[in-house]
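Analysis of the macromolecular model
One-letter residues, chain by chain:
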Amino acid sequence: MDKKYYITTPIYYVNSVPHLGHAYTTIACDILARYKRSQGVDVRFLTGTDEHGANIEKSAAAKGVSPKAWADEVSAKYRALWKTLNISYDAFIRTTDPAHEAVVQAIFEKLLKSGDIYLGSYSGKYCTSCEQYYDESEMGENCTCPVHKKPLTEVHEETYFFKLSRYEKPLLQYYKEHPEFLVPKYRANEIINFVKGGLRDLSVTRTKVKWGVPVLSNPAHTIYVWFDALINYISAAGAGKFLDPKNPALHDEKLALIQAENFRELWPADLHMVGKEIFRFHTVIWPAVLMALDMQLPQQVFAHGWWTVEGEKMSKTLGNVIDPAELGAKYGVDAVRAFLFREVPFGQDGDFSMTSFKNRYNADLANNLGNLLSRTLNMMAKITPELPQQADVPMETVEKTQKTEEEIDRAYDELAFDKVLELIYGYSADLNKKVADTKPWELIKTNELKALDILKELIVCQRYVAKWITPFMPTIGAEMQRRLAPGPIQKYEPLFPRIAA
Ligand code: MSP
């Protein structure tokens, strides 16, 4: 069985409605998935929702509904948004899926048996929003959460621990032997130093949180939401198929099987795409759990940066949350998708403003891609009613196109989406320059054959532009390909009507 290219987004918390920041991680995966498929790669693209934990319990209580009903509602909102944004995922997992819960329980029992999980008790400072303990070196001033800035609560509870400390050396060894595991490189050191600083065992159950997966052998405990959540990547890869939720006695024996057959088709994941704030969970805890299970580690974890809005963190309280669907309805979903990846080098933080959105839209889309297409077709229609199948183009153009395509492939290898777009827009800008330099609209009058040659070349080149842009702008890319296809030339609406400043 051939290994598929397995790419995942994080699973999204259902305690808030999705915004532009969430869409960012998912669109990045979608672009990559579409590109890989266009290269003939067999892709499995996974996304989903993360539905357990105290925060979701609280959000549901505030709405006066059950956590499950609340999770159903928000999970559906995510799915609806992915539909609107044209996300081509192959699988959608929910952590409340019984098959997933069974895998989590089985894994917990297995690690309990192997001694990787043990019962103890914990006292510490806890942030209920992060669902995480912070030690003194990590907390903010006056015992506050470094992320939420609100006071941490003192918590004392009986809890099961995962022996994370056991994996300090193996993790460091793994990072050393697999330099491609932690990307971008400039975020790797933080992780390496964190692990070098010493790993403490991790509390992986809660007795106070009811909305979670119960520990099979001790149901007074529910499993920590992050432990539950990370496992989605393997339960969605088919681990659940081997587990019978009604027969937990079989779990351990059957868990061994998840490394066999179908599972091999997917695991290990090729890429976990995550935001920078959850990089550590994915590059320290998750690989340690996999090591404890004696399973292969993902090939790569990529951490992207964060979006702010006009310099501020996106937040409901500030009322500056950008709804990607709303923006898409106004300016086109494809324009939004492309903007996010041209504006900021992928990996770094970015700031969203309507001014930069409009400027980029007009410059890259209306004046560059859109204008080139409409002026080429208009001039062409003056000479011939039909677009050609092929055309002889100068060697120089063939070489330039080939070189651009190779550079695009290389940029994708580095997940440099901004570079890919820069290459495409640059190539298109050069074609616009060619139009300005050769003035085919004048040549039509003096040397029609010459004009036709230039226009044919422009058509052929734009077929490449259309193909290259499709992972970013699936609808527009398809429409460009349709307009550029051999056959009668028609009258069309502009692809990108200019936006008034
Ligand atoms: N449920 C966890 C992930 C568990 S994965 C086993 C979670 N969910 S989340 O909904 O809070 O975040 C999901 C993704 O959205 C993360 O990759 C996060 O970085 C991304 N973003 C949320 N807000 C963002 C911005 N403002 N900007 C960019 N991305 C951000 O974490």
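This text follows the structure it describes.
A short tour of the structure in this document, coming up. (Residues numbered from 1 in each chain as written. Predicted model: local features only at pLDDT ≥ 70, side-chain atom pairs only at ≥ 80, totals over all residues. Heavy atoms only, no water.)

**Let's talk about the packing of helix α13 (residues 333-343) against helix α16 (residues 417-438)**
At a minimum axis separation of 7 Å, α13 and α16 run at an interaxial angle of 105°. In terms of axis orientation, α13 runs roughly perpendicular to α16. Each of Ala 338, Phe 341 and Arg 342 in α13 lies in contact with α16, whose residues at this interface are Phe 417, Asp 418, Leu 421, Glu 422 and Tyr 425. When the residues that make up the contact of α13 with α16 are grouped by side-chain class, the tally is five nonpolar, no polar and three charged. (Axes fitted to C-alpha atoms, helices over the stretch in contact; angles between N-to-C directions. Helix = DSSP H or I, 4+ residues; strand = E, 2+ residues; numbered from the N terminus. Parallel < 35°, antiparallel > 145°, perpendicular 65-115°, else oblique. Contact = heavy atoms within 4.5 Å. Nonpolar A, V, L, I, M, F, W, Y, C, P; charged D, E, K, R; others polar.)

**Digging into the sheet that holds strand β9 (residues 205-206)**
Read across the open sheet, the three strands follow the order β9-β11-β10; overall the sheet is antiparallel. The open sheet is flanked by β9 and β10 (214-215), the only strands paired with a single partner. Two strands pair when backbone bridges link them, and β10 and strand β11 (residues 218-223) are joined in this way by two bridges, in the antiparallel orientation. In the sheet register, Pro 214 faces β11, and the bridge partner there is Thr 222. (Pairing = 2+ DSSP bridges.)

**A closer look at the pairing of β11**
Relative to β11, β9 is paired through two bridges, and the arrangement is antiparallel. The residue bridging Arg 206 from the neighbouring strand is Thr 222, located in β11. Hairpin connection of β10 to β11: two residues between the antiparallel strands.

**Describing the side chain of Thr 95**
Looking at the secondary structure, you find Thr 95 in the loop between β3 (91-94) and α4 (98-114). Given the relative accessible area of 0%, Thr 95 is considered buried. Among the polar contacts made by the side chain of Thr 95, one reaches the main-chain amide nitrogen of Glu 51 at a distance of 2.8 Å. (Buried < 20%, exposed > 50% of the residue type's maximum accessible area, 1.4 Å probe, protein only. Polar contact = N/O pair within 3.5 Å; in protein donor to acceptor, adjacent residues only side chain to side chain.)

**What to know about the packing of aromatic side chains**
Overall, the coordinates contain 37 aromatic pairs when judged by the stated rule. Aromatic pair Trp 267 and Trp 286: ring centres 6.1 Å apart, planes at 75°, arrangement edge-to-face. Of this pair, Trp 267 sits in the loop between α10 (261-266) and β12 (271-275) while Trp 286 sits in helix α11 (residues 279-292); the two residues are 19 residues apart in sequence, bridging distant segments of the chain. There is no split in this pair, since Trp 267 and Trp 286 are both buried. Taking the ring centre of Phe 194 as reference, the NZ or CZ of Arg 280 above it sits at 3.6 Å. (Phe/Tyr/Trp six-rings, centres within 6.5 Å; stacked < 30°, edge-to-face > 60°. Lys NZ or Arg CZ within 6 Å of the ring centre and 35° of its normal.)

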